[in-house]
Each structure stands twice: as structure tokens, then as C-alpha cells.
Amino acid sequence: MATLESDAARGNERAEGAEKKIMDIEEELKVVGQNLQILEVGEEKTIQREEKSQEEIMELVYKLKRSEYRGEQADMHIQRLNVRIDQVEEDLLTEKYKIKKISDEVNQTFEIFENMAA
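In this convention, every chain numbers its residues from 1, walking through the sequence in written order. Given that this is a predicted model, residues contribute local features only at a pLDDT of at least 70 and side-chain atom pairs are listed and counted only at 80 or more, while totals for whole chains, interfaces and linings are drawn from all residues. Remark: hydrogens and water are excluded; side-chain values derive from all non-hydrogen atoms of the structure.

A.B. asks: Quick question: what am I supposed to make of the overall build of the chain here?
C.D. replies: A run of H or I in DSSP becomes a helix once it reaches four residues, and a run of E becomes a strand once it reaches two; helices and strands are each numbered from the N terminus. Looking only at helices and strands, one finds one helix and zero strands in the chain. Its C-alpha atoms give the chain a radius of gyration of 50 Å, more than 25% over the compact-globule value 13 Å for 118 residues. Dimensions of the chain, computed from the C-alpha atoms along their principal axes, are close to 170 × 15 × 10 Å. Going through the 118 residues of the chain one by one, you find that 0% of them count as buried. Charge assignment in this entry is limited to Lys and Arg as positive and Asp and Glu as negative, and neither His nor the chain termini are counted. One atom stands in for each charge, and that atom is NZ of Lys, CZ of Arg, CG of Asp or CD of Glu. If you average the places of the 18 positive and of the 29 negative side-chain charges in the chain, the two averages end up 3 Å apart. Note on method: radius of gyration uses C-alpha positions; expected globular size equals 2.2 Å times residues raised to 0.38. Only protein chains enter the accessibility calculation, which uses a 1.4 Å probe; a residue is then buried when its area is under 20% of its type maximum, exposed when over 50%, and partly exposed in between.

Here you go:
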């Protein structure tokens, strides 16, 4: 009987130890579950940030392409203006030569009249 009581006592001790292990494991499982939930929320937030970042990148790429296009258009406009300036300068020079030629002819005419009058 003493053996049975000692066996029962050892069985109770083992059962209590097993129950304590089960409670510890359940507590650990609860902590792991909470950590998993925190990680899932963090993952969702990370995915949202990544999607937002991708949208911003796409918007910035679009703005960059628009700016590059506007820059190219501005360069072409400047080139056209430079060509026009060159044409106006040539026209101005041509007109100056015409005025000089007419002025010379008028001076010659006055000289002829002066010589006739003298």
C-alpha cells in the first residue's frame, strides 16, 4: 500500500508537472498568437506604405517625363527664336545697306546740283 501511495504521489506530481507545462505552453502559444497578430498588422501597414510609395514613384516618373517634354519644347522654341533673330538681323543689315545706298545717291545728286549751280 505504501508503494501504491508513493506511486500515486509520483503520478500526481507528474500530472501537476504536466499541467504546469501545458499551462506554460498555452501561455507561450498565447504570446506567439499576439506576436503573430502584431506581425500581420505590421505587414499590412508595410504593404500599404509600399503601395503608396509605388504610386508616388509612378506620379514622379510621370511628372519627370512631362518636365522633360516641356524642356524639349522650350529648347525647340529657343532654336526657332534664334533663327528668327538671325533673319531679322540679316534684314536689318540689308535695310541699312539700302539706306546707305540711297543716302549716297542723294549726296551725289546734291553734288551734281551744286556743280551745275556753280
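A.B. asks: Please explain the pattern of salt bridges as it appears in this structure.
C.D. replies: Pairing between side chains of opposite charge can happen when their charged atoms approach one another. Only one rule defines a salt bridge in this text: a Lys or Arg side-chain nitrogen within 4 Å of an Asp or Glu carboxyl oxygen. Under the definition given, this model contains four salt bridges. One salt bridge in this structure joins Lys-20 and Asp-24, with 3.4 Å as the shortest N-O distance. In this pair, Lys-20 and Asp-24 both sit in helix α1 (residues 2–117), four residues apart, roughly one turn of the helix. Lys-63 serves as the salt-bridge partner of Glu-59, at 3.3 Å between the closest nitrogen and oxygen. With Glu-59 and Lys-63 both in helix α1 and four residues apart, the pair spans about one turn of that helix.

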